[in-house]
Amino acid sequence: MNSLKRRTFLKGTAAISSVGFALGAGLLTPRMVLAAWPKSAFESKSVDDALTNLAGSADLSTNEQIQIRAPDIAENGNVVPITVETNIANIESISILTEKNASPLTASFVLGAGAEGFVATRMKMGKTSDVIAVVKADGKLHSSRKEVKVTIGGCGG
Amino acid sequence: MANSIRMRANLEGDVTTVRALISHPMETGMMKNKKTGDLIPAHFIQEVVCEHNGNTVLTSLWGPAISTNPYLSFRFSGAKKGDTLKMSWVDNKGESDSAEATVA
C-alpha cells in the first residue's frame, strides 16, 4: 500500500514539473507548434492573454453578423448550451470565451474546407459572465458578446 | 470499450448538419473528491477532429470548461447521401476514440 502511494505521489510531481516545463517553453517560443493544442491559450487567465496566445492578437472588432444563442439565465452552470452562428465570409476559426471563468478560453473550432459558420456545444460556467464569441476571418478578429446569468455555478468543489 | 461517440449527420439541401455526443468525464482538475478531499486530476478532451472523404472539416480544440459528456454540432457543405464521416478525439491523458457515421 505504501509503495502504491509513493507511486501516485511521484506521478503527481512528474506531471506538475512537466506542466511547468511546457509553460516555460511556451513562453520562450510562443506558437512554436501551431497544429498542437494551444496549451498557453487555454491556461491564460484573462481574455486578452488567451486571445494573444491563441490568435496572436487581442484586437477585437464588434460584428453584428455573429449571433450567440445561449440562455439569458442558466440554472445549472455545469451545462450551458451555446450556439454561435455567423455569415461572415472566409472564416478560419470560431472561439468561445467565458470572461469570468478561471481560464476564459472554452473552445476554439478550426473550420476546414466546406464548414459553415455554425457551431454548438455545451459548456461550464463558474458564475454570471459575458460569453464572447470570436470569429477569425481573413486574419481579422470579429467578436460578439452576450451575458449569461448563472444561478448555480459549475466549477465549485 | 464500447464506443464513446454517438454521431449523426443529416443532409438538407447541400448542407450537412452533424450532431455528436461523446461520453467523457471532462474533469477540470479543480473539483474535489467529496469523501477524501483530494483533487480529482484533470481529464478532458483536447481535440476532436471530424473528417469527410479524408478532408478535415472541423478541428475542435477544447479546454476543461466543456461540459461532461460533450455535445458538438456543426454544419458543412459538399457531402452526398451515403458519404462516410469520421470523428475522433484525443484527451489530455492520451486516450482516444473514433467513430464513423453515414450521411443520411
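Since we're looking at a predicted model, the values are computed, not measured.

A. Main features of the environment of Lys93(B). Looking at the element boundaries, Lys93(B) is found in the loop between β6 (84-91) and β7 (96-102). Once the C-alpha coordinates of Lys93(B) and Gly29(B) are considered, the two residues, 64 residues apart in sequence, prove to be 13 Å apart.

B. Representation of the sheet that holds strand β2 (residues 15-22) of chain B. Spatial ordering of the open sheet is given by β2(A)-β4(A)-β7(A)-β5(B)-β2(B)-β1(B), a layout of six strands whose pairing is antiparallel. Across the chains shown, the open sheet's two edge strands, defined by having one partner strand only, are β2 (66-69) of chain A together with β1 (5-12) of chain B. Direction aside, neighbouring strands of the sheet carry axes that sit 15° apart on average. Both β2(B) and strand β5 (residues 71-77) of chain B contribute to a ladder of seven bridges, which runs antiparallel.

C. Region of interest: the interface of chain B and chain A. On the chain A side, the residues contacting the 31 residues of chain B number 30 residues. Buried area between chain B and chain A, both sides added, is near 2500 Å², and the carbon and sulfur share of it is 57%. A per-residue breakdown of the area chain B buries against chain A is headed by Leu61(B), Ala65(B) and Arg75(B), which together make up 25% of the total. Seen at the junction of chain B and chain A, the total is one salt bridge. Glu85(A) is paired through a salt bridge with Arg75(B); the nearest N and O atoms lie 3.3 Å apart. Counting across the chain B and chain A interface gives 17 residue pairs in polar contact (both at pLDDT 80 or more). Listed by contribution, the elements that provide at least two residues to the side of chain B that touches chain A are β2, β3 (45-52), β4 (55-62) and β5 of chain B. Broken down by class, the residue content of the side of chain B that touches chain A amounts to 17 nonpolar, 11 polar and three charged.

D. Here's a closer look at unusual backbone geometry. Phi is positive for Asn90(A), which is not a glycine, with a value near 55°. With respect to the helices and strands, the residue Asn90(A) is situated in the loop between β4 (80-86) and β5 (91-98). With phi around 50°, Met26(B) is a residue other than glycine that occupies positive phi space. Relative to the elements of secondary structure, Met26(B) occurs in the loop between β2 and β3.

E. Seen up close, the pattern of salt bridges. For the structure on display, the rule yields eight salt bridges over all chains. The structure contains a network of salt bridges with shared partners spanning Arg69(A), Glu85(A) and Arg75(B).

F. Summary view of the pairing of strand β7 (residues 115-123) of chain A. For β7(A), a buried count of seven out of nine residues is recorded, marking the element as mostly surrounded by other parts of the structure. Sheet topology places β4(A) next to β7(A); six bridges connect them, and they run antiparallel. In the strand pairing of β7(A), Val80(A) is matched with Met123(A). Where β7(A) lies against β5(B), four bridges are found, and the strand directions are antiparallel. Looking at the pairing, Ala115(A) lines up with Phe76(B) of β5(B).

G. Broad picture of the pairing of strand β8 (residues 129-137) of chain A. Residue and element names in this part refer to chain A. Summarising burial for β8: eight of the nine residues are buried, a large majority. For β5 and β8, the ladder comprises seven bridges, and the chain directions are antiparallel. The residue bridging Ser93 from the neighbouring strand is Lys136, located in β8. Bridge count between β8 and strand β9 (residues 140-152): nine bridges; the pairing is antiparallel. The residue of β9 that forms the bridge with Val135 is His142. If you look at the hairpin formed by β8 and β9, you'll find two residues sitting between the two strands, and Asp138 has a positive phi there, around 50°.

The rules behind these values
Residues numbered from 1 in each chain as written. Chains lettered and ligands numbered in written order. Predicted model: local features only at pLDDT ≥ 70, side-chain atom pairs only at ≥ 80, totals over all residues. Heavy atoms only, no water. Helix = DSSP H or I, 4+ residues; strand = E, 2+ residues; numbered from the N terminus. Pairing = 2+ DSSP bridges. Axes fitted to C-alpha atoms, helices over the stretch in contact; angles between N-to-C directions. Contact = heavy atoms within 4.5 Å. Buried area = accessible area lost by both parts, 1.4 Å probe. Salt bridge = Lys/Arg side-chain N within 4 Å of Asp/Glu carboxyl O. Polar contact = N/O pair within 3.5 Å; in protein donor to acceptor, adjacent residues only side chain to side chain. Nonpolar A, V, L, I, M, F, W, Y, C, P; charged D, E, K, R; others polar. Buried < 20%, exposed > 50% of the residue type's maximum accessible area, 1.4 Å probe, protein only.

Just distances and angles here, no functional claims.
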